[in-house]
Every structure is written in C-alpha cells, then in structure tokens.
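Topology and contacts: notes
Read off the chains here:
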Amino acid sequence: MAPGRTGLIAALAVLALVAAVVVALVLLLPARHDPYTRSSLALPGDAERGGRLFLINCAGCHGIAGQGLVGPRLQGVDQRRSDVWLIRQVTSGRTPPMPRFQPDPQAMADLLAHLHTLH
Ligand code: HEC
C-alpha cells in the first residue's frame, strides 16, 4: 500500500474515533446536566407569569385550564412526568404537532411552576 494511503486511513480512523466519543458524550450525559435544563431547574418559577405564558403559547391546544383539547390533558401532569422530562417535551419538538418552544430559562421555570398548579 502506498504510504500516503496509510496516512489517510489513519486520519480517518482518528476522525471516526473522535466522532464516536462526541456522540457518546452527547447521548450519555444525563439531560439534567445540560446547562439550559440546569438553570431552568435552579431558578425559582413564578406560577402567575407561567400562567400568562401558558395562555399565549399552550392553552390553544391544551385548554385554558390544561383540561385538554387537541393536546392531551395536562392536569396532574407533574405526577406522571419529571421536570426534566417536561422541559424536554416543551423544548424538543419531538411530538408534532406540538411545536418546539425556546423559552429562556426563567420563562421555562415559570412555565414549570404553572404546570405544577394544574390539578
Ligand atoms: C399545536 C398544539 C400544541 C401546542 C401549541 C402545545 N402543545 Fe403540548 N402537546 C400537543 C400534543 C398534540 C401533544 C401530544 C403529543 C404526543 O404525545 O404525541 C402534546 C403533549 C404535551 C405534553 C405531554 C403530556 C403527556 O402527558 O404526555 C406536555 C407536558 C405539553 N404538551 C406541554 C405543553 C406546553 C407547556 C405548551 C406551551 C409552551 C404546549 N404543550 C403547547 C399539542 C400542543
């Protein structure tokens, strides 16, 4: 084999290894360690502000009282789901037609506080 080719193969092997490590880090780091989730969980949420955000962004699908419309009922959702899970649900866009929201960490904390009041 030509020497140039060996170098190329070695470089590709190193690249593959680096890519594998990056993918492993992204997948294995628990969600609660990502900085966005951490600061959303650390900030004290204001349920009243969260309620206003909910009316504007969520009530059209989930109902003013979270009773469920197009989207499922959210009353008692905090009994079924963890805060980390709820943050992911709001920010990921993983379940269309629910859109992906990008509230800043304070707004996310406020929304969480509001979700905790829906019973
Ligand atoms: C366009 C309609 C729509 C909007 C707007 C919307 N959602 Fe949803 N949401 C849905 C639908 C549909 C589902 C069910 C998705 C699925 O499980 O396939 C859902 C699921 C959820 C769930 C999971 C409930 C469970 O028990 O599994 C939560 C929590 C939630 N939405 C919160 C919110 C919040 C908070 C907002 C506002 C920031 C919001 N949604 C805005 C449609 C919407």
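Calculation criteria
Residues numbered from 1 in each chain as written. Predicted model: local features only at pLDDT ≥ 70, side-chain atom pairs only at ≥ 80, totals over all residues. Heavy atoms only, no water. Patch = residues over 30% accessible without salt bridge, like charges linked within 9 Å, V, L, I, M, F, W, Y side chains within 5 Å. Areas by Shrake-Rupley, 256 points an atom, 1.4 Å probe, with all protein chains shown as cover. Salt bridge = Lys/Arg side-chain N within 4 Å of Asp/Glu carboxyl O. Helix = DSSP H or I, 4+ residues; strand = E, 2+ residues; numbered from the N terminus. Axes fitted to C-alpha atoms, helices over the stretch in contact; angles between N-to-C directions. Parallel < 35°, antiparallel > 145°, perpendicular 65-115°, else oblique. Contact = heavy atoms within 4.5 Å. Nonpolar A, V, L, I, M, F, W, Y, C, P; charged D, E, K, R; others polar. Near = heavy atom within 4 Å. Polar contact = N/O pair within 3.5 Å; in protein donor to acceptor, adjacent residues only side chain to side chain. Buried < 20%, exposed > 50% of the residue type's maximum accessible area, 1.4 Å probe, protein only. Expected span 1.5 Å × (residues − 1).

Next up on the list: a nonpolar patch on the surface. Taken together, the side chains of Val 14, Val 18, Val 22 and Val 26 make up a nonpolar region of the molecular surface, amounting to roughly 360 Å² of accessible area. Relative to the helices and strands, Val 22 resides in helix α1 (residues 3-28).

We now examine the packing of helix α3 (residues 47-57) against helix α7 (residues 105-117). The N-to-C vectors of α3 and α7 enclose an angle of 95°; their axes lie 7 Å apart at closest approach. The angle between the axes of α3 and α7 places the two elements in the roughly perpendicular class. Side by side, α3 and α7 meet where Ala 47, Arg 49, Gly 50, Gly 51, Leu 53 and Phe 54 of the first sit next to Gln 106, Ala 107, Asp 110, Leu 111, Ala 113, His 114, Leu 115 and Thr 117 of the second. Partitioning the contact of α3 with α7 into residue classes produces 7 nonpolar, 5 polar and 2 charged.

Now for the site of the ligand. What surrounds the ligand is a group of 20 residues, the closest being Cys 58, Cys 61, His 62, Arg 80 and Met 98. Arg 80 places a side-chain nitrogen or oxygen 2.9 Å from an oxygen atom of the ligand. Among the secondary structure elements, those contributing two or more residues to the shell around the ligand are α4 (59-62), α5 (77-80) and α6 (83-92). Residue contributions to the shell around the ligand peak at 4 residues, all from α6. A class-by-class count of the residues in the shell around the ligand yields 13 nonpolar, 5 polar and 2 charged.

Right, let's talk about the pattern of salt bridges for a bit. Within the structure shown, the criterion is met by 2 salt bridges. Residues Arg 52 and Glu 48 are paired through a salt bridge, measuring 3.8 Å at the closest nitrogen-oxygen approach. With Arg 52 and Glu 48 both in helix α3 and 4 residues apart, this pair spans about one turn of that helix. Under the relative-accessibility criterion, Glu 48 is labelled exposed at 60%. For Arg 49, the salt bridge identified is with Asp 110, shortest N-O distance 2.8 Å. Pair noted here: Arg 49 is in helix α3 and Asp 110 is in helix α7, with a separation of 61 residues, a long-range link. The exposure class assigned to Asp 110 is buried, which follows from its relative accessible area of 3%.

In this section: α7. Relative to the 18 Å expected for 13 residues at 1.5 Å per residue, α7 spans 19 Å between its end C-alpha atoms, a close match to the ideal helical length. Buried residues of α7: Ala 107, Met 108, Ala 109, Asp 110, Leu 111, Leu 112, Ala 113, His 114 and Leu 115, and no others. Check the buried side of α7 and you find it contacts α2 (35-42), α3, α5 and α6.

The analysis is restricted to geometry; functional conclusions fall outside its scope.
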